[in-house]
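# A structural walkthrough
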Number of protein chains: 2
Amino acid sequence: MSAAQVWSVDPRTGKQRGQVAVEATAGEVDSAVRAAHAARAALADRTVRAAFLRTAADLLDEAKDGLVAEADAETALGQVRLTGELARTCYQLRAFAGIVDEGAFLDVIIDHPDAEATPPVPDLRRYKVPLGVVAVYSASNFPFAFSVPGGDTASALAAGCPVVVKAHPDHPGTSELVAAVLRRAAAGHGIPETVIGLVHGFEAGVELVGHPLITAAGFTGSVRGGRALFDAAAARPVPIPFHGELGSLNPVVISEAAAAERPEQIGTGLAGSMTLGVGQFCVKPGLVLAPRGEAGDRLITSLADAVGATAPGVLLDHRMRDNFVQGVAERAALPDVEAPVAPGAGAVPPHDGEAAEHTVRPGFLTVPAARLATAGAHDLLLEECFGPVTVVARYEDEEQVTAVLSRLPGNLTATVHLSSDETEGKGNGAAILAELTPLAGRVLVNGWPTGVAVAPAQHHGGPYPATTSTSTSVGGTAIERWLRPVSYQSTPDALLPPELREDNPLGLPRRVDGRLEH
Amino acid sequence: MSAAQVWSVDPRTGKQRGQVAVEATAGEVDSAVRAAHAARAALADRTVRAAFLRTAADLLDEAKDGLVAEADAETALGQVRLTGELARTCYQLRAFAGIVDEGAFLDVIIDHPDAEATPPVPDLRRYKVPLGVVAVYSASNFPFAFSVPGGDTASALAAGCPVVVKAHPDHPGTSELVAAVLRRAAAGHGIPETVIGLVHGFEAGVELVGHPLITAAGFTGSVRGGRALFDAAAARPVPIPFHGELGSLNPVVISEAAAAERPEQIGTGLAGSMTLGVGQFCVKPGLVLAPRGEAGDRLITSLADAVGATAPGVLLDHRMRDNFVQGVAERAALPDVEAPVAPGAGAVPPHDGEAAEHTVRPGFLTVPAARLATAGAHDLLLEECFGPVTVVARYEDEEQVTAVLSRLPGNLTATVHLSSDETEGKGNGAAILAELTPLAGRVLVNGWPTGVAVAPAQHHGGPYPATTSTSTSVGGTAIERWLRPVSYQSTPDALLPPELREDNPLGLPRRVDGRLEH
């Protein structure tokens, strides 16, 4: 029996581009994990791993043209978007190098002995150590930023953890190219190339999460796939943390006053956000609560104009296109649902060399909010539909808004559009924010959720099913996922790791006897 | 059908003291959780909840005599130990009040807009919000410090989360008394008494972890019970974090040089630690690696003298006593296992009013370390045995130490005893510490693991099965378990919570544009 072949496919034509790998057997997964585990000591030195992350960014920058061309051929996401995504990925690697340098993530806490405490406190020195090999599951929709060199990998390496990445079948060629670049960066700093493992195949992904030497996992993908892997992680003899980003509806509330103040601006902005990247962002606004009445009607008209003028696009693969076409048809067929611009299968090839049968048309649906206020068939509209579609629920009053919001599952983001007066604190803007906060990990005012900044204060996560844990996969605190604390008690300076020595030779920020120092 | 009665039992005599409650039905669990959920807004103000925690400590202090008497009658842990435990519990409540006041746990991070970043960074302001109602599962062996008013409850309330506690059947009367005190403290600050729920019964505990409004759980107990609840938490439609402390062997390594330097001191110290509280501490040293040869023999002799002179004691309940008697018998029957002081059923009543058939005799077993270096029947010696027994594995060389350590599951603590030279950095003390660090959450040099200080740098947790997560149940960072981050994007100051406003009206420590400020 020969190993299953892994092919690169052009989503614009549906044609195979070439075989790039074979699916990993259980034995090959085992070898990759063991080799990564054996390489972990090479990441112990923070100076070395910060330098490694920076070199990885530099080499990815250098290889940009080839990487973007390969990723575009496999994903149809376009050169502009992919060039930006790769730049973001390199920025992220460098940001984590800075975080490694600073060392605040080590959370150093030192307590000197205190005989007066109840019970007495001995000398205690705590910091965080890397967990071990991390499994990273690549996303379909970000061949760079949430895949082989993405936030999970960057934050795990920054924490001192080797990684074994499960490649996404939508971009296996890109995955191989990028892994080779990362390995070259490792080798340049004396780190074994096996610090970055890469495996292909569904079964390999299942093997990976169950491997005894895997200590944690990061995942970006669907609710179904993510939940299956989460369950497998929890069912292990030794359960491991599973940080999965699964699905999000990303509700948007447009206040009456905001709709009255700037209906066209909001309608056009929404069109841009929901069609960006052919609607394939996990933070795409998927449910919009807009008021009934004239202002809301003008908003809908602007939205229709802008969405109607948006070209068809190619989704990442055929399965997604089928799901989209079927998903929007099922939603549009529900009672009282209208489609001012009907989403669905594309009729015309948007660009040279693209086949019409592989494109989809963006569109949106409307429904009375009352239909969503109680359980029923319309609950389908409260499920994420991947692709360029959104649902606008027209509300009569604030009670309907509250009723719909109370029925939503967890989200990555929740947004409110307010009028100028409301943003200044007049009206009930703060009350709406308080209603949105329990629903999401990021709450926006007068913005659109697409575009996830890489920044210390970013939080890309939210109540389940947005994420399976309380952590983030973007931003500086993403590093916390791959660490665990250890306290050393009554340990003489000569035996302590330098991070915990009394004279703070590494100049780390720390808490000493209860006081923050830096 | 009438509700199952909950009886308080005197472990010294095995006699029922009186009925104190009934087991909660599913409906009663639901009511308790809903009432706790409804009370959550009353905990939103940090000033109020810090004051509440301090009042709780004050009222527990005031009620000390009655609480200690009730707890002693139910647990036989003794007035001295229980008085100390209650003092520790009050200290812990006050420590969390201080943590609430300081506000560093909110992890405020603020990024001002940066158009130069890739992608551009909008105004982002992150802090942490309480998860919601927390389920707390009380421990048998700490009727105060790890039960109704213990670390899980104190840290959850400090985070702003109401709690519903599952009482331990070994001290239902104490649980009721303490809950009443906490509720009185709440009422004194205008907080609904339902902020502290209390339920009895095994089935109630299962209902609790599955309740849709429960957002996280804290647990201290056995591997079997904890794993079943962990599995239930993970299998929910919406999984929740389950922070369980399950079991720990707490290995101790005695270096050759340490044994040669102070064999009697180490033997006597070990006897004190393993028999403390009748061996009913989760951090009891359960496996000791001591060298063969004369120094090791002297250590064993001292250990035998001290353990042999230790009075029998009463375990928390009859099931534990049966498990202990059976567990030590099974272990002692293994080939090459010797019992210089045989542990087992007690023959004489240790104190007035105690019945002999309810006591156990402390003791210890020895075994050649080679027996533990490979898998086999002796693996039983690598499982925790609750009660006053430890296993001393005699090693021939360092390779045997490494071989045994490599076979251990995760632990709360790992300890090494070194000679004076070794503590100064001569010899391989640092290498042994490096070997112990992956095994445990707290690593000790020349000390004993019993006695868990309540301090910012404490870490009471470790690789599974020590704990089911990377968090701690003791120390300042225990509060992190009950919070999740939220970022506000482009949100005007007028609508922000005060914790995130530009001028920092609450004077919180924070990270602004990447820089730590306090």
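Residues numbered from 1 in each chain as written. Chains lettered and ligands numbered in written order. Predicted model: local features only at pLDDT ≥ 70, side-chain atom pairs only at ≥ 80, totals over all residues. Heavy atoms only, no water.

## Description of the overall build of chain A
Stated formally: Where helices and strands are cited, they refer to DSSP runs of H or I of at least four residues and of E of at least two residues respectively, numbered from the N terminus. In this setup the radius of gyration rests on C-alpha atoms only. A globule is expected at 2.2 Å times the number of residues raised to 0.38. With a 1.4 Å probe rolled over the protein chains alone, any residue whose accessible area is under 20% of its type maximum counts as buried; one over 50% counts as exposed, and the rest are partly exposed. A contact between two residues is defined here by any heavy atoms of the two lying within 4.5 Å. Residue-level accessible areas treat just the shown protein chains as cover; the underlying method is Shrake-Rupley with a 1.4 Å probe. Here Asp and Glu are counted as negative and Lys and Arg as positive; His is not counted, and neither are the chain ends. Each charge is placed at NZ for Lys, CZ for Arg, CG for Asp and CD for Glu.
For chain A, the helix and strand inventory stands at 15 helices and 22 strands. For chain A, whose C-alpha radius of gyration is 25 Å, the value lies close to the compact-globule estimate of 24 Å for 518 residues. For chain A, the spread of C-alpha atoms along the principal axes amounts to about 75 × 65 × 40 Å. With 518 residues in all, chain A has 60% of them scored as buried. Partitioning the contacts of chain A with sequence separation of at least 6, the portion at a separation of at least 24 is 77%. Accessible surface, chain A as shown: approximately 18,000 Å² in total, 54% of it carbon and sulfur. Charge separation in chain A, taken as the distance between the mean sites of 40 positive and 60 negative side-chain charges, equals 3 Å.

## Some remarks on a negative patch on the surface
Residue and element names in this part refer to chain A. Stated formally: Patch membership needs two things, relative accessible area over 30% and no salt bridge, and members are linked within 9 Å if like-charged or within 5 Å if nonpolar (Val, Leu, Ile, Met, Phe, Trp, Tyr). Take a side-chain nitrogen of Lys or Arg and a carboxyl oxygen of Asp or Glu: if they are within 4 Å of each other, that pair is a salt bridge.
Judged by side-chain charge, Asp114, Glu116, Asp513 and Glu517 come together as a negatively charged surface patch. By the secondary structure assignment, Asp513 is in the loop between β21 (510-512) and β22 (515-517). Since its relative accessible area comes to 44%, Asp513 is described here as partly exposed.

## What to know about the interface of chain A and chain B
How we decide: By definition, the buried area sums, over both parts, the 1.4 Å-probe accessible area that each loses when the two are put together. Definition of a polar contact: a pair of N or O atoms within 3.5 Å, with one able to donate and the other able to accept a hydrogen when the atoms are protein atoms, and with sequence-neighbouring residues admitted only if both atoms are side-chain atoms. Note on residue classes: Ala, Val, Leu, Ile, Met, Phe, Trp, Tyr, Cys and Pro are nonpolar, Asp, Glu, Lys and Arg are charged, and everything else, Gly too, is polar. Paired strands, in this sense, are two strands between which DSSP finds at least two bridges.
Taken together, the contact pairs 75 residues of chain A with 75 residues of chain B. For the pair chain A and chain B, the summed buried surface comes to about 5,700 Å²; carbon and sulfur atoms form 61% of the total. Run the count over chain A and chain B and you get 2 salt bridges. Of the charged contacts, one joins Glu102 of chain B and Arg511 of chain A as a salt bridge, the two residues approaching to 3.0 Å between their closest N and O atoms. Inspection of the chain A/chain B interface yields 34 residue pairs in polar contact (both at pLDDT 80 or more). Residues belonging to the side of chain A that touches chain B are distributed by class as follows: 44 nonpolar, 17 polar and 14 charged. Judged from the 3 bridges that link them, strand β19 (residues 440-445) of chain A and strand β20 (residues 483-489) of chain B form a sheet pairing that is parallel.

## What about empty space enclosed by the protein?
All names here are of chain B. Here is the rule we go by: We place a 1 Å grid over just the protein atoms. Points where a 1.4 Å probe fits but has no way out form a cavity, open points with protein on both sides within 12 Å along at least 5 of 7 lines form a pocket, and any residue with an atom within 4 Å of a point lines it. Grid points are joined across faces, edges and corners, and a volume is the space filled by probe spheres set on the points.
Evaluation of the coordinates by the stated rule reveals 4 cavities of 30 Å³ or more. Looking at the largest cavity, its volume works out to about 80 Å³. What lines the largest cavity is a set of 14 residues, among which Leu249, Lys284, Gly286, Cys385 and Val389 lie closest to the centre.

## A short note on unusual backbone geometry
All names here are of chain A. The omega torsion of the bond from Tyr464 to Pro465 falls at 10°, within 30 degrees of zero and hence cis. Even without being a glycine, Val278 presents a positive backbone phi close to 55°. In this fold, Val278 is placed in the loop between α10 (263-275) and β11 (287-291).

## Observations regarding the environment of Glu396 of chain A
Residue and element names in this part refer to chain A. The residue Glu396 is located in the loop between β17 (389-395) and α13 (398-405) in this model. Glu396 sits 180 residues away from Ala216 along the chain, and the two C-alpha atoms are 47 Å apart. Discounting residues that sit within four places of it in the chain, Glu396 has contacts with Glu256 and Arg292.

## Some points on the packing of helix α2 (residues 46-62) of chain A against helix α5 (residues 151-159) of chain A
Residue and element names in this part refer to chain A. The criterion, for reference: Axis geometry follows a simple rule: fit a line to the C-alpha atoms, using only the stretch in contact for helices, then measure angles between N-to-C directions, giving values from 0 to 180 degrees. Oblique is the label for any angle not under 35 degrees, not over 145, and not in the 65 to 115 range, which are roughly parallel, roughly antiparallel and roughly perpendicular in turn.
Close contact between α2 and α5 brings their axes to 9 Å; oriented N to C, the two are set at 155°. In terms of orientation, α2 lies roughly antiparallel with respect to α5. Taken together, the residues of α5 that come into contact with α2 (itself represented by Arg49, Phe52 and Leu53) are Ala154, Leu157, Ala158 and Ala159. Classifying every residue of the contact of α2 with α5 gives 6 nonpolar, no polar and 1 charged.

## So, helix α12 (residues 318-332) of chain A
Residue and element names in this part refer to chain A. We count it as follows: Each residue after the first adds 1.5 Å to the expected span of a helix. Think of it as the arc spanned by the lines of direction from the helix axis to the C-beta atoms.
Its 15 residues place the ends of α12 21 Å apart at the C-alpha level, agreeing with the 21 Å of an ideal helix rising 1.5 Å per residue. Buried residues of α12: Met320, Arg321, Phe324, Gly327, Val328 and Arg331, and no others. The arc enclosing the buried residues of α12, seen along the axis, measures out at 135°, which places them on a common side. The inward-facing, buried residues of α12 contact β14 (344-345), β15 (359-361), β16 (363-368) and β17.

## Topic: the packing of aromatic side chains
Just so we agree on the cut-off: Centres within 6.5 Å make a pair out of two Phe, Tyr or Trp rings, where for Trp the six-membered ring is used; the pair is then stacked when the planes are under 30 degrees apart, edge-to-face when over 60, and tilted otherwise.
All told, the structure shown has 12 aromatic pairs over all chains when counted by the stated rule. Ring centres of Phe142 of chain A and Phe281 of chain A lie 5.5 Å apart, and the angle between their planes is 50°; on these two criteria the pair is classed as tilted. Pair noted here: Phe142 of chain A is in the loop between β5 (133-137) and α5 and Phe281 of chain A is in the loop between α10 and β11, with a separation of 139 residues, a long-range link. Summarising the burial analysis for this pair, Phe142 of chain A and Phe281 of chain A share the class buried. Residues Phe219 of chain B and Phe242 of chain B carry aromatic rings whose centres are separated by 5.9 Å and whose planes lie at 35° to one another, so their mutual orientation is tilted. Placement of the pair is Phe219 of chain B in strand β8 (residues 214-220) and Phe242 of chain B in strand β9 (residues 242-245), with a sequence separation of 23 residues. The class of Phe219 of chain B is buried, set by a relative accessible area of 9%.

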